[in-house]
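Chain by chain, the residues:
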Amino acid sequence: MKMTIAFAVTLCVAVSGCAPGSQSEQRAGEGAKYGAVGGAVAGAVSALIFGGNPLQGAVAGGISGAASGAAIGAMAGSQEDKAMQQQTAKASADPKVAALRQKIGETNYSAVMLLAQCQHQGAISTAQDALAAAPDPQHKTYSLVIQALAAEESGDKALAASLYPKIIELDPSRGSPDKLRADALEGLMRVQSARRQHGLPPVCDRRAG
């Protein structure tokens, strides 16, 4: 993972002129870490909903997600929007990452990134936006599951409980609300494992969300 972040920061310097020790370089390093774990969390949530893990092998080393995160972090620091947006597109061009983002929708992917960073309220709000604009039941299910995971982890059991019947309404094969909650808690363990594997605390500080 250290090599991945180093690669991403080097990428930032090469493509955007981030000066060593600059705000851009710092944000690139932070973005690399969260970009990598965000991709892993997206795979974990997708595995919960669709089965398997569509990103297995694609972000195992975190390079695609880290490079994308570095570009986003550097963009926030340097405000070189056009150049960094182009680099972000190149960095996240891994076919498996691109396929998953298309499958779940960009807004859902943004919500997953927030969940990875323990930003629970932001993840819920973004997933609600994704739900409102979702073009099909799969996108809607993903949006609701993200909300449920964020609610469970942040301790909002009432919100989580209100979401499970909505998921079952979209897909009755999910079983009962109790079974769905058990599945969600198992999925949350995968999310926390993804954080640990990428050098982040697996369990969120409740005050952070």
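Residues numbered from 1 in each chain as written. Predicted model: local features only at pLDDT ≥ 70, side-chain atom pairs only at ≥ 80, totals over all residues. Heavy atoms only, no water.

## Regarding the nonpolar core
Burial of nonpolar side chains together is a common tendency in soluble globular proteins. In terms of nonpolar packing, the biggest core is built from 39 residues, with V41, V45, Y142 and L149 touching the most fellow members. Not counting chain neighbours up to four residues away, the residues in contact with Y142 comprise A42, V45, S46, I49, F50, I104, N108 and V112. (Core = buried A, V, L, I, M, F, W, Y, C linked by side-chain atoms within 4.5 Å. Buried < 20%, exposed > 50% of the residue type's maximum accessible area, 1.4 Å probe, protein only. Contact = heavy atoms within 4.5 Å.)

## Considering the packing of helix α6 (residues 106-116) against helix α8 (residues 137-154)
α8 packs onto α6 with a crossing angle of 15° between their chain directions and a minimal axis gap of 10 Å. If you check the angle between α6 and α8, you find them roughly parallel. Crossing of α6 over α8 shows left-handed handedness. Two secondary-structure elements touch here, α6 through N108, A111, V112 and L115 and α8 through H139, Y142, S143, I146, L149, A150 and E153. Here the residues of the contact of α6 with α8 sort into seven nonpolar, three polar and one charged. (Axes fitted to C-alpha atoms, helices over the stretch in contact; angles between N-to-C directions. Helix = DSSP H or I, 4+ residues; strand = E, 2+ residues; numbered from the N terminus. Parallel < 35°, antiparallel > 145°, perpendicular 65-115°, else oblique. Left-handed = near helix turned anticlockwise from the far one by under 90°. Nonpolar A, V, L, I, M, F, W, Y, C, P; charged D, E, K, R; others polar.)

## Here's the deal with the packing of aromatic side chains
Each pair of aromatic rings is reported with the distance of its centres and the angle of its planes. The final tally for this structure, using the stated rule, is one aromatic pair. An angle of 25° between the planes, with centres 6.4 Å apart, marks the rings of F50 and Y142 as stacked. Taken together, the positions of F50 in helix α2 (residues 23-50) and Y142 in helix α8 put the pair 92 residues apart, joining distant regions of the chain. Taking relative accessible area as the criterion, F50 reaches 25% and is therefore assigned partly exposed. Positioned above the aromatic ring of Y109, the side-chain terminus of R101 is 4.3 Å from the ring centre. Looking at K103, its charged tip hangs above the ring of F50, at a distance of 4.1 Å from the centre. (Phe/Tyr/Trp six-rings, centres within 6.5 Å; stacked < 30°, edge-to-face > 60°. Lys NZ or Arg CZ within 6 Å of the ring centre and 35° of its normal.)

## Let's talk about the environment of R181
With respect to the helices, strands and loops of the structure, R181 is situated in helix α10 (residues 177-197). On the basis of relative accessibility, which here comes to 32%, the residue R181 falls in the partly exposed class. Along the chain, R181 and L163 lie 18 residues apart, while their C-alpha atoms are 9.7 Å from each other. Sequence-distant contacts of R181, that is, excluding residues within four places in its chain, are made with E152, K157 and Y164.

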